[in-house]
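# Results of the structural survey
Read off the chains here:
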Amino acid sequence: MKNLNFEKLKIEDQFSDPFPVIIYSNLLDSSQIDDLQKELSENTTVFDKVVMGNRKTILKGTKNFDNFLSKSATGQEINSFFENESVFNFFYKNLENLNLKTKNNFFINSKNLIFLKNYIDKAGPATNRNIKFKFKNKLTKILSKVINDNKIYCDFDFSVASNGYWKEPHHDKEERLISFLFYINDFESKNGGNLEIYKYNKEPNVFLREPSLKDLNMIKKIEPKKGHLVTFMSSPQSIHGVDVIKSDKTRYFFYGSYTSCLLYTSPSPRCLLYTS
């Protein structure tokens, strides 16, 4: 089995406008990817919920996630890889370098980033965690806000998407710094399931989570390719979506983020986690 190593990643494509995106290959070898797809296809695999039309997910922090990792060596490798401060720093540095190439992008206010290993968001799906565990996570978030540091944790899910799955143009929640998406199998562009990258026609006064299509211009489609890892800087300007899957084929992938513990409730203001 190939050991996962960020130093062996190969950049396939990158761009900074309208927001920093880097696409890598060589994270997993072909046999690991095939094993992961097979394990997600097994009848014994239990998913947590179905979202966005027809996307089944196994969410980090749930019993189903733990059970999946217990039977999947590749899943364990993936979890260990992304739950690593050096990996976060690698992705963050590369995206930040792209971010510096344009004056229009957002920048993170706090540079004092502290990585939390194996943190589970109390407000997320970890309903099977005990009260002590949830209290500790809540306290971490409150302290981060009080002392103005920026604690970062990894969150992700394994997903299987089928006919009808889609996602409207949006930006991820304000607390996210980096989002990543790994394609487990090839999926022809004509069948849908492409990652769509959008740019505002003009800069808005308020960055809504789901802006109107009339205010956007789609500038790029990223076709799902087996073994490709898409990473992007997540900010109020990082508008992306997925066009509808219109075939009987299935798209396998995992999607995650490096997320801040800082607590925000406003809709994409310019002066909290990010500044332009």
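As shown above, the structure is provided for reference.
## Some remarks on the packing of helix H2 (residues 63–71) against helix H3 (residues 73–82)
Look at H2 against H3: their axes get within 5 Å of each other, and the N-to-C directions meet at 115 degrees. For the pair H2 and H3, the contacting residues are Phe65, Leu69, Ser70 and Lys71 in the first and Ala73, Gly75, Gln76 and Asn79 in the second. The class makeup of the residues in the contact of H2 with H3 is three nonpolar, four polar and one charged.

## Overview of the pairing of strand E14 (residues 251–260)
Judged by how many residues are buried, E14 sits mostly within the fold: 10 of 10 residues are covered. Side chains Arg251, Phe253, Tyr255, Ser257 and Thr259 of E14 all project onto a buried face; the interleaved residues Tyr252, Phe254, Gly256, Tyr258 and Ser260 project onto the opposite face, where all are buried too. One ladder, built from 10 bridges, connects strand E7 (residues 150–161) with E14; its direction is antiparallel. If you follow Ile152 over to E14, its bridge partner there is Ser260. As paired strands, strand E9 (residues 176–183) and E14 are joined by seven bridges and run antiparallel to one another. Along E14, the bridge assignment pairs Arg176 with Thr259.

## Structural notes on the environment of Lys226
Structurally, the position occupied by Lys226 is in the loop between strand E11 (216–222) and strand E12 (229–233). Among residues more than four places away in sequence, those in contact with Lys226 are Ser30, Ile33, Asp34, Tyr183, Ile184, Asn185 and Asp186. Side chain to side chain, Lys226 and Asp34 meet in a polar contact 2.7 Å long.

## Considering the side chain of Ser247
Here Ser247 is to be found in the loop between strand E13 (240–242) and E14. Residue classification places Ser247 among the buried positions, given a relative accessible area of 11%. A distance of 3.2 Å separates a polar atom in the side chain of Ser247 from the backbone nitrogen of Lys249. Once residues within four sequence positions are removed from consideration, Ser247 is found in contact with Asn163, Phe187 and Asn191.

## As for the sheet that holds strand E8 (residues 167–170)
Overall, antiparallel pairing links the four strands, which are arranged E8-E13-E10-E11 in an open sheet. Two strands bound the open sheet, and with one partner strand each, they are E8 and E11. Pairs of neighbouring strands in the sheet enclose a mean axial angle of 25 degrees, with direction left out of account.

## Overview of unusual backbone geometry
Note that the residue after Asp17, namely Pro18, is joined by a cis bond; omega there is 15 degrees. Its location among the elements puts Pro18 in the loop between strand E1 (10–15) and strand E2 (21–25). The residue Asn26 is not glycine, and still its phi comes out positive at about 75 degrees. You can see Asn26 is positioned in the loop between E2 and helix H1 (30–41). Of the residues examined, Asn26 reaches a relative accessible area of 36% and is grouped as partly exposed. One non-glycine residue, Met52, lies in positive phi territory at about 55 degrees. Looking at the element boundaries, Met52 is found in the loop between strand E3 (49–51) and strand E4 (55–59).

## Structural notes on the nonpolar core
Among the nonpolar cores identified, the biggest contains 41 residues, and Leu27, Phe82, Phe91, Phe158, Phe254 and Tyr258 are the most heavily contacted of them. Element by element, the count of residues in this core is highest for helix H4 (residues 85–99), at seven residues. Ala161, Phe187, Val242 and Phe253 belong to the second largest nonpolar core, which has 18 residues in total.

## Things to note about the packing of H1 against H3
Packing of H1 against H3 brings their axes to within 8 Å, and their N-to-C directions diverge by 110 degrees. Taken together, the axes of H1 and H3 lie roughly perpendicular to each other. Two secondary-structure elements touch here, H1 through Gln32, Asp35, Leu36 and Glu39 and H3 through Ala73, Thr74, Gly75 and Ile78. For the contact of H1 with H3, a count of residues per class yields three nonpolar, three polar and two charged.

## Here we look at the pattern of salt bridges
One pass over the full model with this rule turns up 11 salt bridges. Here Lys226 and Asp34 are joined by a salt bridge, their closest N and O atoms 2.7 Å apart. Here Asp34 lies in helix H1 and Lys226 lies in the loop between E11 and E12, a separation of 192 residues in the sequence. As a salt-bridge pair, Glu83 and Lys60 come within 2.3 Å of each other at their nearest N and O atoms.

Rules behind the numbers
- Residues numbered from 1 in each chain as written.
- Predicted model: local features only at pLDDT ≥ 70, side-chain atom pairs only at ≥ 80, totals over all residues.
- Heavy atoms only, no water.
- Axes fitted to C-alpha atoms, helices over the stretch in contact; angles between N-to-C directions.
- Helix = DSSP H or I, 4+ residues; strand = E, 2+ residues; numbered from the N terminus.
- Contact = heavy atoms within 4.5 Å.
- Nonpolar A, V, L, I, M, F, W, Y, C, P; charged D, E, K, R; others polar.
- Buried < 20%, exposed > 50% of the residue type's maximum accessible area, 1.4 Å probe, protein only.
- Pairing = 2+ DSSP bridges.
- Polar contact = N/O pair within 3.5 Å; in protein donor to acceptor, adjacent residues only side chain to side chain.
- Core = buried A, V, L, I, M, F, W, Y, C linked by side-chain atoms within 4.5 Å.
- Parallel < 35°, antiparallel > 145°, perpendicular 65-115°, else oblique.
- Salt bridge = Lys/Arg side-chain N within 4 Å of Asp/Glu carboxyl O.

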